[in-house]
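# Summary of structural features
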Amino acid sequence: MRLLIVGRLSGELVTASKIAMHRGASVTHADGIDQGLAALRAKGGDLVMVDVGLDIRRLVQALADERIRTPVVACGIASDARAAVAAIQAGAKEYIPLPPDPEMIAAVLEAVAADARSFVWRDPSMERVVRLAEQVARSEASVLITGESGTGKEVLARHVHAKSNRGNRPFVSVNCAAIPEALLESELFGHEKGAFTGAIARRIGRFEEAHGGTLLLDEISEMDVRLQSKLLRALQERVIDRVGGAAPVKVDIRVLATSNRNLAEEVKKGTFREDLFYRLNVVHLRLPPLRERLADILELATHFARKYAELNGLPLRPLARDAQALVARNPWRGNVRELENTIHRAVLLAQGPEIGPDAILSPEGESLAAPPVPGPVERAASAAEAATRGLVGRTVADVERDLILDTLDHCLGNRTHAAKILGISIRTLRNKLNEYVEAGVQVAEPGGVRAVAAYG
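An unreviewed UniProt entry lists the protein chain under the name Fis family transcriptional regulator, with Methylorubrum populi as the source organism.

Below is the structure:
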């Protein structure tokens, strides 16, 4: 745990620093916002504790502008309620009153250090995956983790790190699908001052931030082929080049990668480098979808019910027997992520001593209860007949356009989520949407509002 304390070292802040170090945190001090930003650029960090009297809004905005995702916690004298409210409104995640309470400091550090998505499993198919993961965890081998979206790939990656010889060192995760292509190189390898517009100071990248620990490349299949070659060199030689830098930088890391696609197929398509694939695929862990882990469904549902009851200050209610049956037979196409959101919603809506089936609802408030599910043969025949009737007389381009636009509407305009559901890269999706806009077709913008380009 790397803690940065920003502010003049008053007696209260010195005490907070000592408590944090006693709890195992590595503590760095900075007098003001600018020094704090410089420290984060140079060393990275897991948590910033900032004096409430400083310009927290400027700090939070600067972190956002430079894509530094370190949470900020404000601290100040206990009686200053107005300053505490202003700090939260400015973007601080929490407020710690001073003089510091050791248990409060410990709780904040633990909350940041611990993975909020606990690793829970019971099904034999999952047990085999976990056993293999723990067997290879102490090695230095690269590990490729695959599975559908929402199956818990990052959670398993964190478990591998925790069981490794690097478990007490940094774990740094980079979502390759969420960062624009033009910025991903800088995010990974860092940059020198003036390397490009907006590079106002030298900043270390995620490779350097993970030095001595583990780097997770999440959804690596979304990475552009040109950047893959630079990544391959970094993995082979354990050196990186900052953007705009003149000298290589040595790094000591263990690399894990995840993908919701079949990378062997992506290699055949030419969208993923074969040599990089083999460099990453020393050990392959495939997470089965939740519908193939039936014993995990109720185990996870019980865990989430307890978690969100505690989080929301509500009484712990067990799932009623008919609610358990409803949860067990749902297909959970969104996997663990969908199940978690559903149980969270049920905890908030439940009445009485148990969570009944009436609280197991979709995001739109519709019941998940359904008539008996037909057999696989009947389902396949019905689906094929309906699909055939709907497609006759239409061109492939028309069908593809409607599928893309409907999926984008379903995702409320979120390009990244839509691309994952469609099984295409974000670049391909954007190219398609640009074609539709140029043709005068309305395209959903983030937030779900449809827009169309204006010409003239």
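Another aspect to go through is the packing of helix H13 (residues 294-311) against helix H15 (residues 335-349). It is at 9 Å that the axes of H13 and H15 come closest, and there the two elements cross at 45 degrees. As summarised for this structure, H13 and H15 are arranged oblique, according to the angle between their axes. For the element pair H13 and H15, the recorded crossing hand is right-handed. Facing Ile297, Leu300, Ala301, Phe304, Ala305, Lys307, Tyr308 and Ala309 of H13, the residues of H15 in contact are Val336, Leu339, Glu340, Ile343, His344 and Val347. Class assignment for the residues of the contact of H13 with H15 results in 11 nonpolar, 1 polar and 2 charged.

The residue leucine 294 is located in helix H13 in this model. Linking leucine 294 and arginine 329, residues 35 residues apart in sequence, is a C-alpha distance of 8.8 Å.

This brings us to the nonpolar core. Core analysis: the largest hydrophobic core is formed by 31 residues, its most contacted members being Leu188, Phe207, Leu217 and Ile220. When residues of this core are traced back to their parent elements, those giving at least two are strand S7 (171-175), helix H8 (181-189), strand S8 (214-218), helix H10 (225-237), strand S11 (254-259), helix H11 (263-269) and helix H12 (274-280). Residues within four places of leucine 188 in sequence aside, it is in contact with Val174, Gly205, Arg206, Phe207, Leu217, Met223 and Leu227. Membership of the second largest hydrophobic core comes to 24 residues, among which are Ile297, Phe304, Ala323 and Val347.

What UniProt calls "modified residue: 4-aspartylphosphate" (unreviewed entry) maps, in this numbering, to Asp51. Locating aspartate 51 in the fold gives a position in strand S3 (residues 47-51). Not counting chain neighbours up to four residues away, the residues in contact with aspartate 51 comprise Val6, Gly7, Ile56 and Cys75.

Moving on to the layout of surface pockets. By volume, the second largest pocket is sized at about 470 Å³. Counting only elements with at least two residues in the lining of the second largest pocket, the list comes to H8, H11 and helix H19 (426-438). Here the lining of the second largest pocket is built from residues that sort into 9 nonpolar, 7 polar and 8 charged. Residues lining the lining of the second largest pocket come from more than one domain, with at least three contributed by each of domain 2 (136-286) and domain 4 (389-439).

A separate point is the side chain of glutamate 192. Residue position: glutamate 192 is located in the loop between H8 and helix H9 (206-209). If we ignore the near neighbours within four places in the chain, the residues touching glutamate 192 are Ala199, Ala201, Arg202, Arg242, Val243, Gly244 and Gly245.

Next up on the list: the pairing of S3. Taken residue by residue, a regular strand's side chains alternate between the two faces of the sheet. Of all 5 residues in S3, 4 are buried; the element is thus mostly enclosed. Both strand S1 (residues 2-6) and S3 contribute to a ladder of 4 bridges, which runs parallel. Looking at the pairing, isoleucine 5 lines up with methionine 49 of S3. Crossover connection from S3 via helix H3 (residues 56-65) to parallel strand S4 (residues 72-77): handedness right-handed.

Moving on: H15. If you check H15, its first and last C-alpha atoms are 21 Å apart, about what 15 residues at 1.5 Å a residue would give, namely 21 Å. Inspection of H15 places Asn335, Val336, Leu339, Glu340, Thr342, Ile343, Ala346 and Val347 among the buried residues, and these make up the whole buried set. One side of H15 holds all its buried residues, which, seen down the axis, span an arc of 170 degrees. The inward-facing, buried residues of H15 abut H13 and helix H14 (321-329).

Criteria and cut-off values
- Residues numbered from 1 in each chain as written.
- Predicted model: local features only at pLDDT ≥ 70, side-chain atom pairs only at ≥ 80, totals over all residues.
- Heavy atoms only, no water.
- Axes fitted to C-alpha atoms, helices over the stretch in contact; angles between N-to-C directions.
- Helix = DSSP H or I, 4+ residues; strand = E, 2+ residues; numbered from the N terminus.
- Parallel < 35°, antiparallel > 145°, perpendicular 65-115°, else oblique.
- Left-handed = near helix turned anticlockwise from the far one by under 90°.
- Contact = heavy atoms within 4.5 Å.
- Nonpolar A, V, L, I, M, F, W, Y, C, P; charged D, E, K, R; others polar.
- Core = buried A, V, L, I, M, F, W, Y, C linked by side-chain atoms within 4.5 Å.
- Buried < 20%, exposed > 50% of the residue type's maximum accessible area, 1.4 Å probe, protein only.
- UniProt positions renumbered as here; feature names shortened; annotations may be inferred.
- 1 Å grid on protein atoms, 1.4 Å probe; cavity = no way out; pocket = protein on both sides within 12 Å on 5 of 7 lines; lining within 4 Å.
- Points joined across faces, edges and corners; volume = space filled by probe spheres on them.
- Domains from an automatic or database assignment.
- Pairing = 2+ DSSP bridges.
- Right-handed = clockwise from strand over helix to strand, strands pointing away.
- Expected span 1.5 Å × (residues − 1).
- Arc of directions from axis to C-beta.

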